[in-house]
Amino acid sequence: TGTVDYHPYAQPISDWVKVESWMWVMYSIVIMPLAMIGFNFLLNIRPLYLFRNFLGQNIELHKSERANILILLVMVICSVSILTFIFQKLERVPLFTLLIDGDVKQAAIDRVSIRYDLGWLDYVKNLFGLMMMPIFAYYSYVVAQVKRKWYYYFMCIILISLSVLMLAFDTQKAPVAFFAMGFLLLQTIISKGISLRFFLLFGILPVLFILIAYQLTGKHNALDMFLDPTSAFYGRIFLTGYFGFPLSLEFFPETIYQPTYYTGVPSFVLSFLDIENVESARLVMMQMNPEGVRAGSANLFSGYYLGEAYANYGYLGLIISPIIVGGVVQVVHNYLLTHKKDPLILAFYAFITVKWLLGSGVVSFLYLKIILFPLVFYIGTKFLLKLFIKYIED
């Protein structure tokens, strides 16, 4: 309708592509739940019955008070150690550059550098920092809510604070907001339902955080941004997370002709084959903001997962990707509902659920990256917890 043509990202999009992208989004909104329903039908799974039964269960904690306290203490020590190790290895921490030095431009450059220049440290950051620490925080929240004693709440606050620092150290705002939403999910399962007040609280907190973060990283007042429908705040929530898809339809493969079908293949395989691994979201950013990419301040132009599906696999990707995404989401839901209600699986589920970012691409679903590493971590942690409890009891 031309309503958002004021936005520079909308200007390259032709009228037909606007209509076409809308049609494909409507297709995905219908096909995703149908795929989930079909998956349940094939496996003879009744998710509503399983969910009600799951909610009715009591959360299973270890009977030993000493074991529960020591487990959380070990999690605190691990989180502190990981955060300290990562920060020591970095030349600059973007969040500190922004808040302490007040250098917004350098913080933006450092943020992009962290994504591409960390080498082996990137695996430590992703697997132990961005995955393990939030799961530990969720675990501690479940234990604290069941036990309701001050020392459990104290360790919970420490783990949540460390996780927020880890998620925000590169000045990203969305990960912290989504992390907060995980507690809404946990409280729903713990309390077998939540009050409207609690729901509104966890709906408002992420919005306030994003507004404050924009004020710290920009030149605009938070209240002014909230009152201005054309501000970066509303643009970030409603527009930029979508633009990647119509821009991909517009640019691939005529304007951007570099193939991206191999995105998601392990980097060591691509290196062996001498293939440069550049994501479609990166190529779109290079097309839209080449100066920012050259300066090191612009990173990816992520959008609705159909954008990467089209860039990588053409119209076939648009047709089958909603089926794949719906199937993967349903697998995780069913895995939760068919297991006992304990803090670790709830923490794992909350972490996975807030990672269902349909604006982060389709490759994570296609190659199961979005669940594979957390699942391995869940199984490994469960095994280590059993060994730890057995050791302290002996």
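Please read all numbers here as calculations on a predicted model, not as lab measurements. (Residues numbered from 1 in each chain as written. Predicted model: local features only at pLDDT ≥ 70, side-chain atom pairs only at ≥ 80, totals over all residues. Heavy atoms only, no water.)

We now examine unusual backbone geometry. Note that the residue after Phe252, namely Pro253, is joined by a cis bond; omega there is -5°. For Arg148, which is not glycine, the phi torsion reads 55° and is therefore positive. The exposed category is assigned to Arg148, whose relative accessible area is 56%. (Buried < 20%, exposed > 50% of the residue type's maximum accessible area, 1.4 Å probe, protein only.)

In this section: helix H2 (residues 47-56). What sets the pattern is the α-helix's 3.6 residues per turn: residues three or four places apart point alike. Considered for burial, the residues of H2 that qualify are Leu50, Phe54 and Leu55. For H2, the buried positions fall inside an angular range of 130° around the axis, keeping them on one side. Seen from the buried face of H2, the exposed residues on the opposite side, beyond 90 degrees, are Leu48 and Arg52. Packed against the buried residues of H2 are helix H8 (174-191), helix H15 (305-337) and helix H16 (343-354). (Helix = DSSP H or I, 4+ residues; strand = E, 2+ residues; numbered from the N terminus. Arc of directions from axis to C-beta. Contact = heavy atoms within 4.5 Å.)

What follows is about the pattern of salt bridges. A complete count under the given rule lists four salt bridges for this structure. A salt bridge links Asp5 to Lys18; the shortest N-O distance between them is 3.0 Å. Of the two residues, Asp5 sits in the segment before helix H1 (15-42) while Lys18 sits in helix H1, which places them 13 residues apart along the sequence. Residue class for Asp5 comes out partly exposed when judged on its relative accessible area of 34%. Its salt-bridge partner being Glu65, residue Lys149 comes within 3.0 Å of it at the nearest N-O pair. One end of the pair, Lys149, is in the loop between helix H6 (121-147) and helix H7 (150-168); the other, Glu65, is in helix H3 (residues 65-89), and 84 residues separate them in sequence. (Salt bridge = Lys/Arg side-chain N within 4 Å of Asp/Glu carboxyl O.)

Take the packing of aromatic side chains next. A full pass over the atoms with the stated rule returns 20 aromatic pairs. A centroid spacing of 5.0 Å and a plane angle of 65° characterise the contact between Tyr138 and Phe183, whose relative ring orientation is edge-to-face. Of this pair, Tyr138 sits in helix H6 while Phe183 sits in helix H8; the two residues are 45 residues apart in sequence, bridging distant segments of the chain. Using a relative accessible area of 0% as the deciding quantity, one classes Tyr138 as buried. (Phe/Tyr/Trp six-rings, centres within 6.5 Å; stacked < 30°, edge-to-face > 60°.)

All right, on to a nonpolar patch on the surface then. Taken together, Ile194, Leu196, Phe199, Leu200, Leu201, Ile204, Leu205, Leu208 and Ile212 make up a surface patch of nonpolar side chains, about 820 Å² in accessible area. Within the fold, Leu205 resides in helix H9 (residues 196-217). For Leu205, a relative accessible area of 40% corresponds to the partly exposed category. (Patch = residues over 30% accessible without salt bridge, like charges linked within 9 Å, V, L, I, M, F, W, Y side chains within 5 Å. Areas by Shrake-Rupley, 256 points an atom, 1.4 Å probe, with all protein chains shown as cover.)

This part is about the environment of Ser248. Inspection of the secondary structure assignment puts Ser248 in helix H11 (residues 232-251). A residue is classified by how much of its surface remains accessible, and Ser248, at 3% relative accessible area, is buried. Apart from residues no more than four positions distant in its own chain, Ser248 is found in contact with Val284, Gly307 and Tyr310.

A separate point is the packing of H3 against H6. Between H3 and H6, the shortest axis-to-axis distance is 10 Å and the interhelical angle comes to 150°. With respect to their mutual orientation, H3 and H6 come out roughly antiparallel. The crossing of H3 and H6 is left-handed. The residues of H6 that touch H3, namely those facing Glu65, Asn68, Ile71, Leu72, Met75, Cys78, Ser79, Ile82, Leu83, Phe85, Ile86 and Lys89, are Leu121, Val124, Lys125, Phe128, Gly129, Met132, Met133, Phe136, Tyr139, Ser140, Val143 and Lys147. When its residues are assigned to classes, the contact of H3 with H6 shows 16 nonpolar, four polar and four charged. (Axes fitted to C-alpha atoms, helices over the stretch in contact; angles between N-to-C directions. Parallel < 35°, antiparallel > 145°, perpendicular 65-115°, else oblique. Left-handed = near helix turned anticlockwise from the far one by under 90°. Nonpolar A, V, L, I, M, F, W, Y, C, P; charged D, E, K, R; others polar.)

Moving on, we come to the side chain of His7. Relative to the helices and strands, His7 is located in the segment before H1. In this structure His7 touches Leu239, Thr240 and Phe243, once residues within four positions along its chain are discounted.

Here Tyr310 lies in helix H15. On the accessibility criterion, Tyr310 (9% relative accessible area) is buried. Not counting residues up to four positions away in its chain, the partners in contact with Tyr310 are Ser248, Leu249, Phe252, Pro253, Tyr315 and Leu318. In this structure the side chain of Tyr310 is engaged in a polar contact, spanning 3.0 Å, whose partner is the backbone oxygen of Phe252. (Polar contact = N/O pair within 3.5 Å; in protein donor to acceptor, adjacent residues only side chain to side chain.)

Within the secondary structure, Thr260 is located in the loop between H11 and helix H12 (267-272). Side-chain polar atoms of Thr260 contact the backbone oxygen of Ala311, separated by 3.2 Å. Here the side chain of Thr260 touches Asn312 through a polar contact of 2.6 Å, side chain to side chain. Once residues within four sequence positions are removed from consideration, Thr260 is found in contact with Val278, Glu279, Ser280, Leu283, Ala311 and Asn312.

Ranked by size, the top nonpolar core spans 103 residues in total, and within it Tyr138, Tyr139, Leu186, Leu346 and Trp356 carry the most contacts. Per-element accounting of this core gives the leading share, 14 residues, to H6. (Core = buried A, V, L, I, M, F, W, Y, C linked by side-chain atoms within 4.5 Å.)

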